[in-house]
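Descriptive structure summary
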Amino acid sequence: REFSTGGATSLPSPSPQGGCAARRSSEGLASEGQGQRPCLLAPRGRRRRRQSPGAGAGAAAELEKHTGRQAAMKACTIAGYEDLDSLTIDPDYPKPEVTEPGTLLIRTCAVSMAPGDVRVLSGRTTLMQAPDKFPYVPGGDSSGIVVAVHPEETRFRVGDRVACVFPEPRPFGALAEYRLAQTRLTAKVPDSVSMVDAATMPSSGVTAYSFKEHIRPGDRVVVVNSCGGVGCFLLQLLKQAFGASFVLAVTGNVELATSLGADAVVDRRAGAKWWEHPSLREDPADVILDLFGTATHWNAARSSAAVKPAKRGGRFVCIGMENPWPKVHHYWDAIPIVYSFMKRGIYSSMHKGTCPTHFGHAGLKVDVQERSEALLQLMGQGKVTAVVAKELQFDAASVREAFGMQKARKHSGKVVVRVADE
């Protein structure tokens, strides 16, 4: 049964009828940086709605009043930094409740992994991403069904199918049967999109969609690391939604990149370099979208003629850091990270005739809900598909495997943990 307290509105949590959009799967095949071939899954059929019984508003409060104990749920917990051995599924973790405006209680269906999950576990970014306590519940991006709302809520109601992103930069609370989500970071999911596919969208999809502000109609675009979580969405959006005229993908997964809309592919497995690609010799790129972050691609962009210089509108946009797992325990630890971006910007402003303008990009800062819903609508229409590297079950061994895959960064698309069926 679903119930809530704190004056929240709570009804039985029906399992809305849902199916899924076509999904490209890379499980065991499409590995970013590996020479394996992807497979494409055909659209799955719509599943029948299954009704589940539920209690009325305030049932949890009545339970606590008469039994002296709080309602519980299953949750994944980790007891310490770099301590995957302590990862367990706790069957008696306290179930959260809606007590404040702007929050929803969601019954979790699926959770997708993201780099932030690994950074938290590493303990290297405690300045920004330290858990409030141990053991903590990991996971930030999820999909599920709304089971309780605040009395003042007007946008969402019980029974809505939703996907939600974590409040940056703290990805906590998703790997559990229930989670609290902020309404401003939550979007409704069309019935034609499955919960597993919807869970891939929040961080990666929103970040990909936010690149729209850097793309001009007719742009020739190079996408570095184009088959990761962000890249798989971005390749599909560039020509369909952003107006790019040509897309060159840099990846180890040639067939997947081609299927996602790339006009040409640079196979990094073979040691090929994008700045030497024939398509850029006579007609340089307008913009480089670097989803990897190492200095190699920036150095190539500023020293080669493969991208237009700033005075001709050339841009270099980077979302990654030169070190993907930085140590940030104190404010002074952040200085080298900030400096690495500042020096690029300063250099590009001083060499507009030979170097593209450098931009650091943060995709989860503004308009998260609007961008989420725009992308989910495209997914619902079948214009954008989810790429799932592997779908895992909600048990300790499987969640450990999910963390391991995310840390290795060798897969294409997203790793998803299915917590429950609709």
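Just above, that's the structure.
Residues numbered from 1 in each chain as written. Predicted model: local features only at pLDDT ≥ 70, side-chain atom pairs only at ≥ 80, totals over all residues. Heavy atoms only, no water.

Focus: the layout of surface pockets
By volume, the second largest pocket is sized at about 600 Å³. Lining the second largest pocket are 22 residues, with Tyr93, Asp132, Val137, Phe172 and Gly173 positioned closest to its centre. When residues of the lining of the second largest pocket are traced back to their parent elements, those giving at least two are strand E5 (88-94) and strand E9 (178-182). The biggest single contributor to the lining of the second largest pocket is E9, with 5 residues. (1 Å grid on protein atoms, 1.4 Å probe; cavity = no way out; pocket = protein on both sides within 12 Å on 5 of 7 lines; lining within 4 Å. Points joined across faces, edges and corners; volume = space filled by probe spheres on them. Helix = DSSP H or I, 4+ residues; strand = E, 2+ residues; numbered from the N terminus.)

Things to note about the pattern of salt bridges
Tallying each qualifying case throughout the model produces 13 salt bridges. In this structure, Asp263 and Lys239 form a salt bridge, with 2.7 Å as the shortest nitrogen-oxygen distance. Residue Asp263 is located in the loop between helix H7 (254-259) and strand E13 (264-267), and its partner Lys239 is located in helix H6 (residues 229-240); the two are separated by 24 residues in the primary sequence. The class of Asp263 is partly exposed, set by a relative accessible area of 38%. Of the charged contacts, one joins Asp286 and Lys308 as a salt bridge, the two residues approaching to 2.7 Å between their closest N and O atoms. Linking Asp286 in the loop between E13 and strand E14 (287-290) with Lys308 in the loop between helix H8 (295-303) and strand E15 (315-318), this pair joins segments that are 22 residues apart in sequence. Using a relative accessible area of 9% as the deciding quantity, one classes Asp286 as buried. Overlapping salt bridges bring together Glu391, Arg418 and Asp421 as one network. (Salt bridge = Lys/Arg side-chain N within 4 Å of Asp/Glu carboxyl O. Buried < 20%, exposed > 50% of the residue type's maximum accessible area, 1.4 Å probe, protein only.)

Structural notes on the packing of aromatic side chains
Here the distance between the centres and the angle between the planes together describe a pair of aromatic rings. Per the stated rule, a full pass over the model turns up 6 aromatic pairs. Residues Tyr81 and Phe134 carry aromatic rings whose centres are separated by 5.0 Å and whose planes lie at 85° to one another, so their mutual orientation is edge-to-face. With a gap of 53 residues between them, Tyr81 in the loop between strand E4 (72-77) and E5 and Phe134 in the loop between helix H3 (126-129) and strand E7 (141-149) connect regions that are remote in the sequence. For Tyr81, a relative accessible area of 32% translates into the label partly exposed. (Phe/Tyr/Trp six-rings, centres within 6.5 Å; stacked < 30°, edge-to-face > 60°.)

Comments concerning the environment of Thr354
For Thr354, the location among the structural elements is in the loop between helix H9 (335-350) and strand E16 (357-360). Taking the C-alpha atoms as reference points, Thr354 and Ala301, 53 residues apart in sequence, are found 9.5 Å from one another. If near-sequence neighbours (up to four positions away) are discounted, Thr354 is found in contact with Arg302 and Pro309. (Contact = heavy atoms within 4.5 Å.)

Re a nonpolar patch on the surface
The grouping of Val338, Met342, Ile346 and Met350 at the surface amounts to a nonpolar patch, some 410 Å² of accessible area in total. Assignment of secondary structure puts Ile346 in helix H9. (Patch = residues over 30% accessible without salt bridge, like charges linked within 9 Å, V, L, I, M, F, W, Y side chains within 5 Å. Areas by Shrake-Rupley, 256 points an atom, 1.4 Å probe, with all protein chains shown as cover.)

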